[in-house]
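Okay, here's what each chain looks like letter by letter:
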Amino acid sequence: MTTHRFVLEPYKGIATRHTCPACHRKRCFSRYVDTEKRISFPDHVGRCDHEQKCGYHFTPRNYFDEKPEAKQMLLEKGSSSVLPKPGEIKTTPTSFINEEIVKRSLKCYKTNKLYQFLVSQFGESSAMSLMKKYHVGSSKHWDGATVFWQIDRNNRVRTGKIMLYNPNTGKRVKEPHNHITWAHSLLYKSGFNMKQCFFGEHLLATDKFRPVALVESEKTALIASYYLPQYLWLASGGKNGCFNESSLSALAKRSVILFPDLGATTYWQSKIGMMRNHGIEVQLFDYLETNAPESERKEGYDIADYLLQIQPDEAVLQAMSRKNPHLKTLIETLGLELVNVQRDSS
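In this text the structure is predicted, and so the values were computed from the model without any measurement.

Draft legend 1. How the structure looks around the confidence of the model for the protein chain. Of all residues in the protein chain, 78% have pLDDT values of 70 or greater, and the mean over the chain is 83. Taken together, the stretch residues 338-346 has pLDDT below 50 and engages in eleven contacts with residues farther than four places along the chain or on a different chain.

The structure is reproduced here in structure tokens:
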């Protein structure tokens, strides 16, 4: 199939600017077009010029994510096809994963590399509490891999992101290749209609009043939840993840604070208007973007990288126990309680 390049329609007079489907302002909306002029998108696929006050931006990728049958039609009919309008497409129901599969994955934490890292930072009880709270599982796809299940506010399992971590650094394993895949792609060969939701979204149903803090990484949501429990931490799964109509509806009438990774702040800021149109009370935490040194900016630091520099007492004790395994046995035998451990600042 010919590769298509989708761009915003260039300005050629007021006839090329339309009414925004979100803020309803006239002559401020640019639609996406195919440079080959062989594909026609529905009228709502485009961007509003009012980035701060509105922020609506619905890309061709967003459209294909919500209408995979349209993408399949394009693949089957070839580059000369014209995409049908939304009303002409039969909507395919969202697919879900059996919750029994999730339950079977909630074990083998001793060999789970991410769990091992969390234990080294927070201790066993806190690490296990985080894994259980967020329904984080283990996978045999790679030895010690982690499954971040995406469970929506109705407790339906949308999919699971499988990733492999270094247990010492907590960083993702990217050599000799990027270790990331999807549970639904391993479980179902075809016919699975995935529509992602926020990681941790299932917590919204039972925690209705705590302000929501939104980050990109699932791992960051776990870590931040430990340090800052006054917020309900969710993850978008990436810079562009879940910034669409169906996903954002889960946050309607909630108070949300955005914590983007360094380098993603401007993009997330552009989504504030769209979020407010969904009835979301949203704020942006941009202190790190404003004050971070260039070295941290290049590394794409997020809030977890800073929080982990604050080592809790349990982590100090864990490190001491690794150096002297008898220490843990002594504490358990005598029933000692950790009162306070001061870090050696030298």
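Draft legend 2. How the structure looks around the sheet that holds strand 6 (residues 145-151). Spatially, 5-6-7-8 is the arrangement adopted by the four strands of the open sheet, whose pairing is antiparallel. Strands with a single pairing partner mark the edges of an open sheet, and in this sheet they are strand 5 (136-139) and strand 8 (180-182). For this sheet the average axis-to-axis angle between neighbouring strands, irrespective of direction, equals 30 degrees. When strand 6 meets strand 7 (residues 157-163), the two strands line up antiparallel, connected through six bridges. For Gln-150, the partnering residue across the bridge sits in strand 7 and is Thr-159. Where helix 7 (residues 218-227) meets the sheet, it contacts strand 5, strand 6 and strand 7, and its direction lies at approximately 85 degrees from that of strand 6.

Draft legend 3. Molecular detail of the sheet that holds strand 2 (residues 29-34). Strand order in this open sheet of four strands is 1-2-3-4, and the pairing throughout is antiparallel. Two strands in the sheet have a free side with no partner beyond their single neighbour: strand 1 (6-8) and strand 4 (57-58). Here two bridges tie strand 3 (residues 46-48) to strand 4, and the two strands are oriented antiparallel to one another. Among the inter-strand pairings, Arg-47 is bridged to a residue of strand 4, identified as His-57.

Draft legend 4. Representation of the pattern of salt bridges within the structure. A complete count under the given rule lists ten salt bridges for this structure. Glu-218 serves as the salt-bridge partner of Lys-161, at 3.0 Å between the closest nitrogen and oxygen. In this pair, Lys-161 is assigned in strand 7 and Glu-218 in helix 7, connecting sequence segments 57 residues apart. Overall, Lys-161 belongs to the buried group, its relative accessible area being 5%. Judged by relative accessible area, Glu-218 falls into the buried class, the value being 4%. Ionic pairing is found between Asp-207 and Arg-210, a salt bridge with its closest N-O pair at 2.3 Å. The exposure class assigned to Asp-207 is buried, which follows from its relative accessible area of 17%. Here the residues in one salt-bridge network are Asp-152, Arg-156 and Arg-158, joined through shared partners.

Draft legend 5. View of the nonpolar core. Residues Leu-118, Trp-233, Leu-251, Leu-258 and Met-275 are the most contacted members of the largest nonpolar core, which totals 65 residues. The dominant element in this core, judged by the number of residues it contributes, is helix 4 (residues 113-122), at six residues. Not counting residues within four places of it along the chain, the set of residues in contact with Leu-251 comprises Phe-198, Leu-204, Val-212, Leu-234, Val-256, Met-275 and Ile-280. Judged by nonpolar contacts, the second largest core, of twelve residues, contains Ala-145, Val-147, Ala-183 and Phe-192.

Draft legend 6. Main features of the packing of helix 4 against helix 7. In contact at an axis separation of 12 Å, helix 4 and helix 7 are set at 20 degrees when each is read in the N-to-C sense. In this view, helix 4 runs roughly parallel relative to helix 7, as classed from their interaxial angle. Our pair here, helix 4 against helix 7, has a crossing hand that is right-handed. Contact residues: Leu-114, Phe-117, Leu-118 and Phe-122 in helix 4; Lys-219, Leu-222, Ile-223, Tyr-226 and Tyr-227 in helix 7. Considered class by class, the residues forming the contact of helix 4 with helix 7 number eight nonpolar, no polar and one charged.

Draft legend 7. Main features of helix 7. Most of helix 7 is tucked away, with nine of its ten residues classed as buried. Within helix 7 the residues assigned to the buried category are Glu-218, Lys-219, Thr-220, Ala-221, Leu-222, Ile-223, Ala-224, Ser-225 and Tyr-227. Capping of helix 7 at its N-terminal end is provided by Ser-217; its side-chain oxygen lies 3.1 Å from the backbone amide nitrogen of Lys-219.

The rules behind each value
- Residues numbered from 1 in each chain as written.
- Predicted model: local features only at pLDDT ≥ 70, side-chain atom pairs only at ≥ 80, totals over all residues.
- Heavy atoms only, no water.
- pLDDT = per-residue confidence, 0-100.
- Contact = heavy atoms within 4.5 Å.
- Pairing = 2+ DSSP bridges.
- Helix = DSSP H or I, 4+ residues; strand = E, 2+ residues; numbered from the N terminus.
- Axes fitted to C-alpha atoms, helices over the stretch in contact; angles between N-to-C directions.
- Salt bridge = Lys/Arg side-chain N within 4 Å of Asp/Glu carboxyl O.
- Buried < 20%, exposed > 50% of the residue type's maximum accessible area, 1.4 Å probe, protein only.
- Core = buried A, V, L, I, M, F, W, Y, C linked by side-chain atoms within 4.5 Å.
- Parallel < 35°, antiparallel > 145°, perpendicular 65-115°, else oblique.
- Left-handed = near helix turned anticlockwise from the far one by under 90°.
- Nonpolar A, V, L, I, M, F, W, Y, C, P; charged D, E, K, R; others polar.
- Polar contact = N/O pair within 3.5 Å; in protein donor to acceptor, adjacent residues only side chain to side chain.

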